[in-house]
Amino acid sequence: MVSSSDATRSSFDGLDLNDIVIFSRVVQHGSFTAAAKLFGKSPSYMSKHVTQLENALKLTLLNRSTHNVFLTDAGTVFFDHCVRILSEIEAAKADASGLGSELIGTLRVHSTPGVGQALVAPAIIDFNALYPSVKVELTVSASSVNLMERGVDVVIGSRDFDDDDSFHTGLFERKLGPAPYVICAAPAYLERHPRPSQPSDLQHHNCLIHTTQKPDPRLWSARLGDENVTVQVDGIFHSNFESAIVLAAVQGAGVARLPLYSVAREIRSGELVSLFESQIISRRVIKAFYPKSRFVPKKLRAFLAILEARLKETVPE
């Protein structure tokens with residue numbers, strides 16, 4: 001005979017969905033106490049459900065201390081799957097509820113710094129204005145992120161992740177648009193120095209080196225007619241922070257090679273001057289990475305459409 005409490009348990013092969021949700025939240029918040037506050041329950045209530053889950057799996061998922069919890073190896077593997085499953089459920093719920101004009105839920109976006117500042121953050125502001133019922137969480141860092149571990153919905157970047165073993169391989173890659181580069185300088189710098197008429201002249205200029213550019217930040221490539229040329233440059237200011245290079249260029253410190261999306265506004269305003277127009281070679285592309293699935297959540301489709309529109313506005317074809 002099945003008790004009323006057992007009948008209400010949303011179980012699958014002995015696993016209870018509520019136990020899985022509680023386990024995931026405990027891990028994400030780092031302790032039973034923090035997760036209990038979120039649920040409005042006691043820490044002992046949360047612990048009981050995690051123990052039920054461990055008993056059902058016949059595995060130890062968490063090592064417990066007084067104030068924190070730590071995943072076991074088995075717990076790490078199981079948690080990765082839980083995050084993906086719960087994200088799919090949330091996406092399905094949001095899509096089903098948003099069949100009308102309104103989108104709901106949370107969209108978690110991760111981006112590399114340059115793209116994040118110049119394109120992703122402004123696109124999120126546009127998205128929030130159109131869909132105020134969707135909460136957006138943006139994280140930015142130079143390193144990639146494991147979507148399954150962090151619960152991220154999409155990663156946006158222009159870098160190549162092929163050589164990054166930490167980047168999750170089970171992702172769909174969508175190209176949003178090109179990321180052309182420009183070589184530029186402020187009018188104040190060009191007043192003090194002869195304007196370079198061809199790329200080879202850059203060897204005699206103070207070039208601002210963005211150290212994260214690949215393959216070599218001091219090798220700048222350009223096209224002269226049908227010929228591709230590479231010039232080795234250098235200067236007295238090197239930085240891995242793209243915004244610092246933009247600021248130095250605007251203040252007349254030297255010549256910079258930067259993605260057009262980072263300096264489009266400054267070029268339009270005249271604060272920076274593009275030196276060689278369409279001669280600069282770049283194969284970089286802005287990409288979106290998200291979990292492979294039979295459907296893409298409606299909120300993600302809407303956000304990527306807005307991001308693509310902003311990219312086309314910044315970098316016209």
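Here goes a summary of the coordinates provided. (Residues numbered from 1 in each chain as written. Predicted model: local features only at pLDDT ≥ 70, side-chain atom pairs only at ≥ 80, totals over all residues. Heavy atoms only, no water.)

Remarks on the packing of helix α2 (residues 17–29) against helix α3 (residues 32–39)
- Where α2 meets α3, the axes come as close as 8 Å, and the angle between the chain directions of the two elements is 120°. The pairing of α2 with α3 is recorded here as oblique in orientation. Every pair of crossing elements has a handedness; the one defined by α2 and α3 is right-handed. When α2 is examined against α3, the residues Val21, Ile22, Arg25, Val26 and His29 are found in contact with a partner set consisting of Phe32, Ala34, Ala35, Leu38 and Phe39.
- Broken down by class, the residue content of the contact of α2 with α3 amounts to 8 nonpolar, 1 polar and 1 charged. (Axes fitted to C-alpha atoms, helices over the stretch in contact; angles between N-to-C directions. Helix = DSSP H or I, 4+ residues; strand = E, 2+ residues; numbered from the N terminus. Parallel < 35°, antiparallel > 145°, perpendicular 65-115°, else oblique. Left-handed = near helix turned anticlockwise from the far one by under 90°. Contact = heavy atoms within 4.5 Å. Nonpolar A, V, L, I, M, F, W, Y, C, P; charged D, E, K, R; others polar.)

Some thoughts on α3
- Every buried residue of α3 is accounted for by Phe32, Ala35 and Ala36. Across the axial projection of α3, the buried residues extend over an arc of 105°, all falling on one side. Opposite its buried face, α3 presents the exposed residues Lys37 and Leu38, each directed more than 90 degrees away.
- For α3, the secondary structure elements touched by its buried residues are α2, α4 (43–57), β3 (62–64) and β4 (69–71).
- Note on α3: the residue one or two positions beyond its end, glycine 40, has a positive phi of about 70°. (Buried < 20%, exposed > 50% of the residue type's maximum accessible area, 1.4 Å probe, protein only. Arc of directions from axis to C-beta.)

Let's talk about the environment of glycine 270
- Relative to the helices and strands, glycine 270 resides in the loop between α10 (260–269) and β15 (273–274).
- A residue is classified by how much of its surface remains accessible, and glycine 270, at 35% relative accessible area, is partly exposed.
- As for glycine 270 and proline 187, which are separated by 83 residues in sequence, their C-alpha atoms are 7.9 Å apart.

Brief notes about the sheet that holds strand β10 (residues 207–210)
- If you walk across this open sheet you meet the 5 strands as β13-β10-β14-β9-β15, and the pairing is mixed. Whereas interior strands pair on both sides, the edge strands pair on one side only; in this sheet they are β13 (238–239) and β15.
- Both β10 and β13 contribute to a ladder of 2 bridges, which runs parallel. Paired with isoleucine 209 across the strands is histidine 238, a residue of β13.
- Contacts between α10 and the sheet are confined to β9 (181–185), β14 (255–259) and β15, with β14 contributing the most and set at about 120° to the helix. (Pairing = 2+ DSSP bridges.)

Concerning the sheet that holds strand β7 (residues 154–157)
- Overall, mixed pairing links the 5 strands, which are arranged β6-β5-β7-β16-β8 in an open sheet. Each having just a single partner strand, β6 (134–140) and β8 (171–178) make up the two edges of the open sheet. The average angle at which neighbouring strand axes cross in this sheet is 20°, direction not considered.
- In terms of strand pairing, β8 meets strand β16 (residues 285–291) through 7 bridges, oriented antiparallel. Considered in β16, the bridge of phenylalanine 172 is made with tyrosine 290.
- In the packing of helix α11 (residues 298–314) onto the sheet, contacts are made with β5 (105–111), β7, β8 and β16, and the angle to β8 comes to roughly 25°.

Brief notes about the pattern of salt bridges
- Per the counting criterion, the structure on display carries 8 salt bridges.
- The partner of glutamate 137 in a salt bridge is arginine 108, and the shortest N-O contact between them spans 3.5 Å. Remark: arginine 108 occurs in strand β5 and glutamate 137 occurs in strand β6; sequence separation between them is 29 residues.
- Given a relative accessible area of 35%, glutamate 137 falls into the partly exposed group.
- Residue arginine 108 is classed as partly exposed on the basis of its relative accessible area of 23%.
- Of the charged contacts, one joins glutamate 308 and arginine 174 as a salt bridge, the two residues approaching to 2.6 Å between their closest N and O atoms. In this pair, glutamate 308 is assigned in helix α11 and arginine 174 in strand β8, connecting sequence segments 134 residues apart.
- We classify arginine 174 as partly exposed; its relative accessible area is 25%. (Salt bridge = Lys/Arg side-chain N within 4 Å of Asp/Glu carboxyl O.)

A look at the pairing of β5
- Among the 7 residues of β5, 5 are classified as buried, and the element is accordingly described as predominantly covered.
- Bridge count between β5 and β6: 7 bridges; the pairing is parallel. Looking at the pairing, glycine 105 lines up with valine 134 of β6.
- On the question of chirality, the crossover connecting β5 to the parallel β6 by way of helix α6 (residues 113–130) is right-handed.
- Of the strand pairs in this sheet, β5 and β7 are connected by 3 bridges, and their pairing is parallel. Among the inter-strand pairings, serine 111 is bridged to a residue of β7, identified as isoleucine 156. (Right-handed = clockwise from strand over helix to strand, strands pointing away.)

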